[in-house]
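One letter stands for each residue in the lines below.
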Amino acid sequence: MIKTATGAATRLVIRQPDDWHVHLRDGAMLSTVVNETARQFARAIVMPNLIPPVTTVAAAEAYRSRIQAALAPGLAFTPLMTAYLTDTIEPGEIERGFGSGVFTAAKLYPAHATTNAAQGVTDIERIYPVLEVMQRLGMPLLVHGEVVDHHVDVFDREAVFIERVLTKLLAAFPALRVVLEHITTEEAVAFVEAAGPNLGATITPHHLVINRNAMFEGGIRPHLYCLPVAKRERHRLALRRAATSGNPKFFLGTDSAPHAVGEKESDCGCAGIFNAPVALETYAAVFEEEGALERLEAFAAEHGPRFYGLPLNTGAIVLERTPRRAPSTMVVANTRIIPFQANATLAWTFRGRSIGGY
Ligand SMILES: NC(=O)N[C@@H](CC(=O)O)C(=O)O
Ligand SMILES: [Zn+2]
Ligand SMILES: [Zn+2]
């Protein structure tokens, strides 16, 4: 880390990070968004909630080929594929996919919990045979942690999921490695901190920056709507404390989730925030604001691989403390996507890979 005379960092060279939670989509959207992720991250856990969802080894291999074909020349990027768990998925398919190295993990979407989750799991006990296999194999289970009960307030769905589902799941499978994805509450922070070493959690850049007021600033702001929905200020502050704490259970997962502008600016807009274009710069600003810039590298490039039992990257990337205006929009085929922090001035600028390696 290079600092000015006043001790303020001006240039960061850190081990190249990975993104442990990203939606790359498919088709024209994939071709546009994949390189926003690949230029920053060496690897990424690619979420399987396509239409149709990725529920077989063959579908994951085909999807991985489409991702690799969409990469810009010269970008070294490794997509880590995941299986979309359904009520009827065969344990054998999961075992075959993990054993062959096609599946890195499996994703649990409670049915109808979020985008393209209609074919998710309706009752966790229906996939107990799959979870038995995953526990035996050491295959991580990634969880969208919200109940879908309409009687539960949308702002309480994560906390209720922890009480009703996650607690029972961890008791039934004490050796299963689980990632509670995109946590948004102080309850989730406390639960992860108190749980055993087999429970980790990803934290997105947008949940570190906005609280729920942002969705209503001067009018309804559809581009700041995502699931789990942003919560009150005290939850945002709890996430910032967790992310910058140095606790190895918390690691980088952007949950970058692009939707075409017409899908967001609608009378029933989709959930998802496309933050890939500004991801690392946003995390750097948050860690600097929290006086924890020296902990960014561990959160972004060490905790995740260690939780997954994967090697650390050997490359390095450069972030410079010079202002950059974030893109206002990205063109995808004949439509647009509006990125997170569109048009904002970012304090940090991502400068790409460091020649010197790490
Ligand atoms: N986070 C979101 O709001 N949406 C994600 C799905 C998910 O991660 O829940 C998406 O794929 O659009
Ligand atoms: Zn999710
Ligand atoms: Zn997601």
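All values derive from a computational prediction rather than experimental measurement.

**Considerations on the overall build of the chain**
Part 1 of the reasoning: Scanning the chain for helices and strands turns up 12 helices and 16 strands.
Part 2 of the reasoning: For the chain, the C-alpha radius of gyration of 19 Å lies close to 21 Å, the compact-globule estimate for 358 residues.
Part 3 of the reasoning: Oriented by its inertia axes, the alpha-carbon framework of the chain measures out at about 60 × 45 × 45 Å.
Part 4 of the reasoning: Counting the 358 residues in the chain, one finds 58% classified as buried.
Part 5 of the reasoning: Contacts in the chain between residues at least 24 apart in sequence constitute 73% of all its contacts with a sequence separation of at least 6.
Part 6 of the reasoning: Roughly 14,000 Å² of accessible area belongs to the chain as shown, and the carbon and sulfur atoms make up 53% of that amount.

**What about the site of ligand 1?**
Part 1 of the reasoning: Inspection of the region around ligand 1 gives 15 residues, with Arg25, Asn49, Thr114, Leu227 and Asp255 positioned closest.
Part 2 of the reasoning: A distance of 2.9 Å separates an oxygen atom of ligand 1 from a polar atom in the side chain of Asn49.
Part 3 of the reasoning: A distance of 3.2 Å separates an oxygen atom of ligand 1 from a polar backbone atom of Gly272.
Part 4 of the reasoning: Considered on its own, ligand 1 offers 310 Å² of accessible surface; in the complex 100% of this is hidden by protein.
Part 5 of the reasoning: Residues belonging to the shell around ligand 1 are distributed by class as follows: 4 nonpolar, 9 polar and 2 charged.

**Quick look at the coordination of the zinc ion (ligand 2)**
Four donors placed tetrahedrally around a metal ideally meet at 109.5 degrees, and six donors placed octahedrally ideally meet at 90 or 180 degrees.
Part 1 of the reasoning: Within the protein, the atoms that donate to the zinc ion (ligand 2) are His144 (ND1) and His182 (NE2), at distances of 2.1 Å.
Part 2 of the reasoning: Here the zinc ion (ligand 2) binds 4 donor atoms, and the angle range of 55 to 146° at the metal identifies the geometry as irregular.
Part 3 of the reasoning: The two metals, the zinc ion (ligand 2) and the zinc ion (ligand 3), are separated by 3.6 Å. With His144 in the loop between strand E7 (141-143) and helix H5 (157-172) and His182 in the loop between strand E8 (178-180) and helix H6 (186-194), this pair connects stretches of sequence that are 38 residues apart. By the burial criterion, His144 is buried, and His182 matches it.

**Remarks on the UniProt feature "domain: Amidohydrolase-related" (unreviewed entry) in the chain**
Part 1 of the reasoning: UniProt's feature table lists "domain: Amidohydrolase-related" (unreviewed entry) at residues 19-317, given in the numbering used throughout.
Part 2 of the reasoning: Between the first and last C-alpha atoms of residues 19-317 the distance is 14 Å; the span itself is 37% helix and 12% strand.

**Regarding the packing of helix H3 (residues 91-99) against helix H4 (residues 128-137)**
Two packed helices can be described by the angle between their axes and the distance between those axes.
Part 1 of the reasoning: Two numbers describe how H3 lies on H4: the axes approach to 8 Å, and their chain directions differ by 25°. With respect to H4, the axis of H3 lies roughly parallel. Both H3 and H4 take part in a crossing whose hand is right-handed. Across the interface between the two elements, Pro91, Ile94, Glu95 and Phe98 of H3 pack against Pro129, Val130, Val133, Met134, Arg136 and Leu137 of H4.

**What about the sheet that holds E7?**
In a beta sheet, neighbouring strands are held together by backbone hydrogen bonds and run either parallel or antiparallel to one another.
Part 1 of the reasoning: Taking strand neighbours across the sheet as the criterion, the 8 strands line up as E3-E4-E5-E6-E7-E8-E9-E10 in an open arrangement whose pairing is parallel. Lying at the two open borders of the sheet, with one neighbouring strand each, are strand E3 (19-22) and strand E10 (250-252). Adjacent strand axes in the sheet meet at a mean angle of 30°, parallel and antiparallel pairs treated alike.
Part 2 of the reasoning: In this structure, strand E6 (residues 103-108) lies alongside E7, joined through 3 bridges in parallel fashion. Within the sheet, the bridge partner assigned to Leu108 lies in E7 and is Val143.

Each value, and the rule that gives it
Residues numbered from 1 in each chain as written. Chains lettered and ligands numbered in written order. Predicted model: local features only at pLDDT ≥ 70, side-chain atom pairs only at ≥ 80, totals over all residues. Heavy atoms only, no water. Helix = DSSP H or I, 4+ residues; strand = E, 2+ residues; numbered from the N terminus. Rg over C-alpha atoms; globule rule 2.2 N^0.38 Å. Buried < 20%, exposed > 50% of the residue type's maximum accessible area, 1.4 Å probe, protein only. Contact = heavy atoms within 4.5 Å. Areas by Shrake-Rupley, 256 points an atom, 1.4 Å probe, with all protein chains shown as cover. Near = heavy atom within 4 Å. Polar contact = N/O pair within 3.5 Å; in protein donor to acceptor, adjacent residues only side chain to side chain. Nonpolar A, V, L, I, M, F, W, Y, C, P; charged D, E, K, R; others polar. Donors = N, O, S within 2.8 Å, 3.2 Å for Na, K, Ca; no water. Tetrahedral: all angles 85-135°; square planar, octahedral: opposite > 155°, others 65-115°. UniProt positions renumbered as here; feature names shortened; annotations may be inferred. Axes fitted to C-alpha atoms, helices over the stretch in contact; angles between N-to-C directions. Parallel < 35°, antiparallel > 145°, perpendicular 65-115°, else oblique. Left-handed = near helix turned anticlockwise from the far one by under 90°. Pairing = 2+ DSSP bridges.

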